[in-house]
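# An overview of the molecular structure
Spelled out from the first residue to the last, the chains are:
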Amino acid sequence: MPKRPSFLPSLETLEQQALDRSAQGERPGSQFGHPTAKYIFIVGLVVTALAHIIGGIIFAIIGL
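Let us look at the structure shown here. (Residues numbered from 1 in each chain as written. Predicted model: local features only at pLDDT ≥ 70, side-chain atom pairs only at ≥ 80, totals over all residues. Heavy atoms only, no water.)

## Some thoughts on the overall build of the protein chain
The condition is simple: Strands here mean DSSP runs of E at least two residues long; helices mean DSSP runs of H or I at least four residues long; both are numbered from the N terminus. Per-residue accessibility, obtained with a 1.4 Å probe over protein chains only, is compared with the maximum for each type, and a residue is labelled buried under 20%, exposed over 50%, and partly exposed between these values. Areas reported here follow the Shrake-Rupley algorithm with a probe of radius 1.4 Å; residue values treat only the protein chains shown as occluding.
Summing up its helical and strand segments, the protein chain has two helices and zero strands in all. When burial is assessed residue by residue, the protein chain has 0% of its 64 residues classed as buried. Working note: accessible area of the protein chain is about 6,000 Å², and carbon and sulfur atoms make up 68% of it.

## Points about helix H2 (residues 35–62)
The periodicity of an α-helix, 3.6 residues per turn, causes residues three or four places apart in sequence to face the same way. Filter applied, for reference: The length a helix should cover is 1.5 Å for every residue beyond the first.
Here H2 contains 28 residues, and its C-alpha end-to-end distance of 41 Å stays within 8% of the 40 Å for a straight helix at 1.5 Å per residue. Positive phi appears at Gly 63, one or two residues downstream of H2, with a value of about 80°.

## Considering helix H1 (residues 11–24)
Compared with the 20 Å implied by 1.5 Å per residue over 14 residues, the 20 Å span of H1 between its first and last C-alpha is a close match. With zero of 14 residues buried, H1 is to be regarded as a mostly surface element.

Now the structure itself:
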């Protein structure tokens, strides 16, 4: 097995960090376990709302 570079944390350190994170759990009332998922969800909602608003305006202008 190749030697790990000294700037990388040891596997034991990584494992302990993962255990610490999983032991913390989620904040009460939080539906998202990952911040990136939360941001993607919010962006998706905004894009969907804007598309419906813009589409409604376009259909109102052309009279459909």
